[in-house]
Each structure stands twice: as C-alpha cells, then as structure tokens.
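# What the coordinates show
Each chain, letter by letter, is given below.
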Amino acid sequence: MLILDLLQTILLWKAELENYLPGTGPGSSVGGYQCSPDSIKTLLPAGSKVLYASHYQADATFTPPKEHNAGAFRASSFVLPRSACVFQANLTLPGDTQHSVGVVLPDDWNGRFMTAGNGGFSGSVSWGSVVDAAWYGFAAISTNTGHESSGAEWAYQNEEALKNWGYRAMHNAVVNGKSLTENYYGKDISYSYYRGCSAGGKQGLKEVEMFPNDFDGVIAGAPAWWTTRLQLWNMIVGIWNSPADSPHHLSNEHLGLLAQEVIRQCDPQDGVKDNMVMDPSACDFRPEELMCGDDATDKSTCLNPQQVKTVHKLHSDWVEDGKFIFPHLTMSSEYDWRGLVAAPANLGTDYVKWMLQLGGNWTWEDWNADLIKLSDELNPGNATADNYDLSPFYNKGGKLIHYHGWSDWSIATGSSIYFYDQVTAALQPKGIDLDDFYRFFLVPGMGHCAGTSDLMNAPWAFAGDGQSSRFGKDGSVHSVPGYEDARHDVVLAMMNWVENGTSPDELIATKFVNDRDPQQGVYRQRPLCVHPAQAQYKGTGDINAADSWECKKP
Ligand SMILES: *[C@@H]1O[C@H](CO)[C@@H](O)[C@H](O)[C@H]1NC(C)=O
Ligand SMILES: *[C@@H]1O[C@H](CO)[C@@H](O)[C@H](O)[C@H]1NC(C)=O
Ligand SMILES: *[C@@H]1O[C@H](CO)[C@@H](O)[C@H](O)[C@H]1NC(C)=O
Ligand SMILES: *[C@@H]1O[C@H](CO)[C@@H](O)[C@H](O)[C@H]1NC(C)=O
C-alpha cells in the first residue's frame, strides 16, 4: 500500500501542478459560519492556526497545498463529491508542539462525524480518506499526527512528538473535530465513526482502548497494532532474505515462482478450484516441490535448498530463544513479498534508529535480539495497542469491525488473529460475547488493505479505508460502484449496526473485471464471514456469485 501510494503520488505529481483549481472561495454560509480562515478560526481552540479554508462546489478539484502537506505521500488531487468547506489548521498539543488537521464539511451534512486514520508512520493528513468520507455526507477529519514526513527522524530525542504520533494527536483531532463540527452546523452530531487501515487500523484500536467514548463505531483494517514487534519483524524478514547475492536470497523472480506454486498446491485443498486460497492456515504447502540441485541448468525456474529454507523461515512464526515474537507470513501472501523482503525495510530500520533512539548510524547489520526487549520496554509513544480489555468500549455500546487480508504481505495476518484471541481471552471471563460488539473478518486473497494479485483475482472491495482510491484515476469513485449498500459497503454496514442494531453477519466483497474501470463489470463476489466462520461453496451455482457461498463455522 505504501509503495503503491508512493508511486501513485509520483505519477500524479505532474498532473497536480498543472491541475490546481482553487475553490470557489468563501461563499456558502452554514449555521452562520462562512468558510473562511477568520470564521473557521473562531471554531478552534486558542492558539490554533488556520492554514487555509475555502468552499468548493461538487466536482471541483481540491489539491492540498504542498507547503502544508510536505510529507504527504498520499497527497494528490481530489474531486469533491459534494459541495463542501475544506480547510487545514494546526492545533496545539502539550510541550509546545502542534499537529495539523484536514477537515471537510459538506453543505448537505448527514449529521454524522467520521475520523480517518493514517498509513506508515503517518506524517500527512489523509486527504483521500477525508474526501471519501464526504461522499457519504460525513463531516470528516484527519490529522498528520504532528509531523510532516514519511520517515521517523522527527522522533529522535523527542518524547512529545512520539506521544503525539502514538495517540495524542488523534484524540485531540477527534475532540476538536467534533466540537468545531457542532458549532459550524449549529447542531449536535448524531453518531461518530472511525475508519482506518494499516497504521490507521492501529489508531482505531488505540482509540477504542484509551478513549472509548470517542466513537460509536470503529472500522479497523489490517491494524499495525503491535508496533513494538511489528517494526522489528518488518526488518528481520528482510534480514533473513539478505544479502541479495547470497545463495539463500529469494529474488523477485523466485518469489513469483513461489506465489504460483502456493496457488497450485493450496487452491484445490479448500475443495473449489478458483485460484483462491480460502483458508491459508489449512494449507499443507511443500516448497520442496520447487527444489532443484546445484547442477540445475536454469536456476531461475526452481529453488535451491537454501532458498527453500528461507521460504520455510518466512512461513514460520518468528521465535527467539524459544519465545514467540511475531506471527508468520501466510500462504498466498507471497506475490508481493518483494515489497517486504527484498531488503531490510526502511520502516524497521527507521524505527530502530529514531524511535528506539539508537541514532542515524545504526544499520541493520547491527541487529541483535536484545532489541526486542528494548522495544517492548520503551514502547515509543505508547503507540502499541495491546490493552485487550475492550470492555469499556463494549459497555458504552461501541461497535468494532476489524478486517485483515489473508494475503497481506505487509503486516502478517496472524497478528490480527492474535489480537482477536487476546481480546477473547480478556472478555470471555467477564461474560462478554465478542459477537455482540466486535466482528472480525478475514478476507481471502486480499493483500494489504486493498487489492489482490493477478494470480488470484480475489474479491477485495468492500469500502475499507483507502480502497476507493484503487478505482478510477482521480479519486472520484466511491464506495463499491453499483453496490452502495450495507451488504457490500462496510461503512454503511457499520452505520446500520450502530444506528439500527442490525449486526453484519457477513459482508460481500467484490472484484471488478478491471478495478481501474469498474464500469466494465463485476468479475466475482463472495461473502466475508465473521471469524471463525468461513465461506463455503454450497455445491451448486456459479462459484463467482456470492449466493453460491454460505458462512459456516468450522
Ligand atoms: C503545522 O504543523 C506541522 C507539524 O504537524 C508543522 O510541520 C508545520 O510547520 C506547521 N505549520 C505552521 C504554519 O505552523
Ligand atoms: C554518526 O557517527 C559520526 C562519526 O562517529 C558522528 O559524528 C555522528 O554524530 C553520528 N550521528 C548520529 C546521528 O549519531
Ligand atoms: C498506553 O496505552 C494503553 C492502551 O493501549 C493505555 O491503557 C495506557 O493507559 C497507556 N499508558 C499511558 C502511560 O498513557
Ligand atoms: C435503518 O433501517 C432503515 C429501515 O430498514 C433504513 O432505511 C436505514 O437506511 C437504516 N439506517 C442506517 C444508518 O443504515
């Protein structure tokens, strides 16, 4: 996702410069407020700075100004789905620090509030997600969490900045976002929601744990919740596959081969041959089938014994001194391992340098297992969302939808299963049935937050955070085109749960023939089931039709 976003940003960079269309300026007046910097300033706490504020007509293009979105790997141009007031402001935080927030306030407001999460180490307002929320009619906010960068150097010897990133900026954005929204419209917010994936999934869980009153409904995708372990694992998997000229290194070519072999072996094991691995945990995969000896003439079409060992290592939990550290990559995630294991990931090395405070001269060659203890002890910014007792959120009536792609190559899917199991262990003794407020969906064949490989073409679209940016070219496509309802769109499903008490027993995921042009039609749809239920083929009917499948508990 990060890499794709980065590519997308670079591609849009040029178009953006040529395409800057300012808003139509202050004009609309809602609840007595003009959409102007002076008027907006009166809605914010003392010490806030309004960086800009303009009113836009529906279908106008909003381009977040570069000077205020310097670290914005997500910033490009966005088509406003409704006429709205758009502004960015800096709010103060403790220790003489500040964070930036981006806000969209639609003229025809649906009465609800939506907060969007971040990606990577944050460092930019998630404008795409905020604009997407406006499509539904939400008043929406996102924060850069207090820094403008995609790296982590800002965290060096900066405890306040770490806390801002860890949880403080998000909570401050929610509290102030709610009050400015109510004052702007002169009406109370009816319901408050959250949607985020990756880092954003973690931010959602962190909010549930620390500030259970912030939201009525939280949608957390592929959460990077176990910060202290995840960032080290991010790096260690690359170390296991390094250096690139060693015999045990899996090149991109070999990873492609491996991805194909996993589908070949694992797809039929679930009973339906459809290029999808429905339950990766149940696949008995043997990489040895790809093995060739040192005398093989074409080594690009097979794996040597050392490479097979690397595959086994990546498919196994990370264990040190007999202690479980982090779950393994799942079968069917291999197609994009190149994004993770080509070299030790920057997210991991940056984490050690700047968040564990070992400094800019640290390199991955300095790795030693004592860093795990240091990371657990420091827990920089208290970012890790590992308070599994979600009972305060449950008790106040909050609802949580959590999802994770079974083929996630960026954050091991097992970390979500682990989280769910820990919450179960914390709440069952209290007599709380998780199904009453927390539903966890595993998404077969989906990668990190969105998308699938060409090998699988698995249904992955259900309006999770960031997903709509994969449709069309200019951010003007929203929800799941043609299926904007509570069965197919997780935001609408969450609203139906919170507001009508109708719980989502399944969600339907969609794969379009061509995701960039959904008008070409649907390739296939399939139900996503509430964990631990899984979708099973009924035995008759088109395997690409959702109705041919049902959710069954194992
Ligand atoms: C707004 O805050 C960001 C940090 O979140 C900072 O980098 C930027 O310089 C601030 N802008 C102004 C105008 O103070
Ligand atoms: C890296 O090492 C150099 C030379 O020893 C030193 O001058 C510099 O301060 C170090 N940088 C950091 C960020 O620790
Ligand atoms: C750290 O975060 C957890 C929730 O993840 C919370 O329960 C705990 O109180 C926080 N600790 C501090 C010192 O803020
Ligand atoms: C609540 O249910 C009604 C009746 O089915 C429906 O029209 C409405 O859209 C639902 N509200 C939400 C937020 O889903």
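Below is a summary of the structure that appears in this document. (Residues numbered from 1 in each chain as written. Chains lettered and ligands numbered in written order. Predicted model: local features only at pLDDT ≥ 70, side-chain atom pairs only at ≥ 80, totals over all residues. Heavy atoms only, no water.)

### Points about the overall build of the protein chain
- From N to C terminus, the protein chain includes 14 helices and 19 strands.
- Its C-alpha atoms give the protein chain a radius of gyration of 23 Å, within 12% of the compact-globule value 24 Å for 554 residues.
- Taken along its principal axes, the extent of the C-alpha atoms in the protein chain is 75 × 60 × 55 Å.
- Looking at the 554 residues of the protein chain, the share that counts as buried comes to 60%.
- In the protein chain, of all internal contacts separated by at least 6 residues, the share reaching a separation of at least 24 is 69%.
- Summed over its atoms, the accessible surface of the protein chain is roughly 20,700 Å², and 49% of this surface lies on carbon and sulfur atoms. (Helix = DSSP H or I, 4+ residues; strand = E, 2+ residues; numbered from the N terminus. Rg over C-alpha atoms; globule rule 2.2 N^0.38 Å. Buried < 20%, exposed > 50% of the residue type's maximum accessible area, 1.4 Å probe, protein only. Contact = heavy atoms within 4.5 Å. Areas by Shrake-Rupley, 256 points an atom, 1.4 Å probe, with all protein chains shown as cover.)

### Some points on the pattern of salt bridges
- Using the criterion set out here, one finds 16 salt bridges in the structure.
- Between Arg-195 and Asp-132 there is a salt bridge whose closest N-O contact spans 2.7 Å. On the criterion of sequence distance, the pair formed by Arg-195 in strand S10 (residues 191-197) and Asp-132 in helix H3 (residues 127-136) is long-range, its members being 63 residues apart.
- A salt bridge links Arg-439 to Asp-505; the nearest nitrogen and oxygen atoms lie 2.6 Å apart. With Arg-439 in strand S15 (residues 438-443) and Asp-505 in the loop between helix H14 (490-500) and strand S16 (506-512), the pair connects residues that are 66 residues apart, well separated along the chain.
- For Arg-439, a relative accessible area of 8% translates into the label buried.
- Through salt bridges with shared partners, a single ionic network connects Glu-261, Arg-264, Arg-286 and Glu-289. (Salt bridge = Lys/Arg side-chain N within 4 Å of Asp/Glu carboxyl O.)

### Focus on the packing of helix H6 (residues 227-240) against helix H10 (residues 346-355)
- Here H6 crosses H10 at 125°, and the two axes come no closer than 6 Å. One element, H6, and the other, H10, form an angle in the oblique class. Taken as a pair, H6 and H10 cross one another with a handedness that is left-handed. Two secondary-structure elements touch here, H6 through Thr-227, Thr-228, Gln-231, Leu-232, Asn-234 and Met-235 and H10 through Leu-347, Gly-348, Thr-349, Tyr-351 and Val-352.
- Grouping the constituent residues of the contact of H6 with H10 by class yields 5 nonpolar, 6 polar and no charged. (Axes fitted to C-alpha atoms, helices over the stretch in contact; angles between N-to-C directions. Parallel < 35°, antiparallel > 145°, perpendicular 65-115°, else oblique. Left-handed = near helix turned anticlockwise from the far one by under 90°. Nonpolar A, V, L, I, M, F, W, Y, C, P; charged D, E, K, R; others polar.)

By themselves these figures say nothing about function.
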